[in-house]
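Summary of the model geometry
So the chains spell out like this:
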Amino acid sequence: MSIAENIAQVRQNIEAAAREAGRDPKEIILVGASKMNDAAACQEAIAAGIDALGENRVQEMTEKLSRNAYEGAPLHFIGHLQRNKVKQVVGKVALIQSAGSCSLLHEIEKAAGNLDIVQDVLLEVNIGAEEAKSGFLASELFEAAQEALTLPHIRVRGLMTIPPADTDRSTNMQYFLEVRALFVDINEKLFHNELEYLSMGMSGDYADAIRAGATMVRVGTAIFGTRNYNL
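A brief structural summary. For clarity, every value in this text was computed on a predicted model and none was experimentally measured.

A look at the packing of helix α4 (residues 102–115) against helix α5 (residues 141–148)
The interhelical angle for the contact between α4 and α5, taken along N-to-C directions, is 15°, at an axis separation of 10 Å. Accordingly, the angle class assigned to the pair α4 and α5 is roughly parallel. The two elements α4 and α5 cross, and the hand of that crossing is right-handed. Here Cys 102, Leu 105 and His 106 of α4 lie close against α5, whose contacting residues are Ala 144, Glu 147 and Ala 148. Class assignment of the residues belonging to the contact of α4 with α5 gives a composition of 4 nonpolar, 1 polar and 1 charged.

Thoughts on the side chain of Arg 157
With respect to the helices and strands, the residue Arg 157 is situated in strand β6 (residues 154–161). Given a relative accessible area of 12%, Arg 157 falls into the buried group. Contact partners of Arg 157, with chain neighbours within four places excluded, come to Leu 95, Asp 120, Val 121, Leu 122, Leu 195, Glu 196 and Tyr 197.

Concerning helix α2 (residues 39–47)
Every buried residue of α2 is accounted for by Ala 39, Ala 41, Cys 42, Ala 45 and Ile 46. Taken around the axis of α2, the buried residues stretch over an arc of 160°, which confines them to a single face. Of the exposed residues in α2, those oriented more than 90 degrees away from the buried face are Ala 40 and Ala 47. As for α2, its buried residues are in contact with α1 (3–20), β2 (52–55), α3 (58–65) and α8 (221–224). Positive phi appears at Gly 49, one or two residues downstream of α2, with a value of about 95°.

Regarding α5
Inspection of α5 places Leu 141, Ala 144, Ala 145 and Ala 148 among the buried residues, and these make up the whole buried set. For α5, the arc enclosing every buried residue in end-on projection is 100°, short of the 170-degree limit, so these residues lie on one face. On its buried face, α5 is in contact with α4, β5 (119–125), β6 and α6 (169–189).

Quick look at the environment of Glu 71
The residue Glu 71 is located in the loop between α3 and β3 (75–77) in this model. Residues Glu 71 and Val 156, 85 residues apart in the sequence, show an inter-C-alpha distance of 24 Å. Among residues more than four places away in sequence, those in contact with Glu 71 are Gln 43 and Ile 46.

Cut-offs applied
- Residues numbered from 1 in each chain as written.
- Predicted model: local features only at pLDDT ≥ 70, side-chain atom pairs only at ≥ 80, totals over all residues.
- Heavy atoms only, no water.
- Axes fitted to C-alpha atoms, helices over the stretch in contact; angles between N-to-C directions.
- Helix = DSSP H or I, 4+ residues; strand = E, 2+ residues; numbered from the N terminus.
- Parallel < 35°, antiparallel > 145°, perpendicular 65-115°, else oblique.
- Left-handed = near helix turned anticlockwise from the far one by under 90°.
- Contact = heavy atoms within 4.5 Å.
- Nonpolar A, V, L, I, M, F, W, Y, C, P; charged D, E, K, R; others polar.
- Buried < 20%, exposed > 50% of the residue type's maximum accessible area, 1.4 Å probe, protein only.
- Arc of directions from axis to C-beta.

Any functional reading would require information that these geometric values do not contain.
If you want it as structure tokens, here you go:
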């Protein structure tokens, strides 16, 4: 199947999951996770109506930017962001989805301040409390959000999470519901219900994420096909 056909199928699945949850499918933003796919594939996805593209790697993103890979759609950074690469991302993307530490938030603030812009971010939640994964623990999130609110060149737009990879469907769903509850809590208490984005779900679980309340899903292989990590 072509990228356009895959996007159409994903859209159908999004619509079915949203309607099952009593939601409007138009609420769901589809981000194409375009890691290891070239500029032509990105442009094909944009032509097929993808809402945004998301990149995981700064070097790959920079190279594809030079080829105008993302022209016609917003670009998000969705991978782990090292502090020494923040300058290469801030101002280049519409949204940094992986702001997962206070030190990273301050580095983004510094870079955005130097450019005199406000950078939109999502706070990443390490909902499985995995030692090898970045992101705020659920117990840290409220305080982190309060700190982010003090930074004038950062605008928090919502939350992002990636549940542990080895969990079964029911456990995964519980993680999604927990992050949804955190989203509702900080939205009401800190952000005057102005947060818009709850980014949860990838190719294998985006339908469940939507049932749990996601407003944004990050779909890679279901759109672009299986990645060849041996290249």
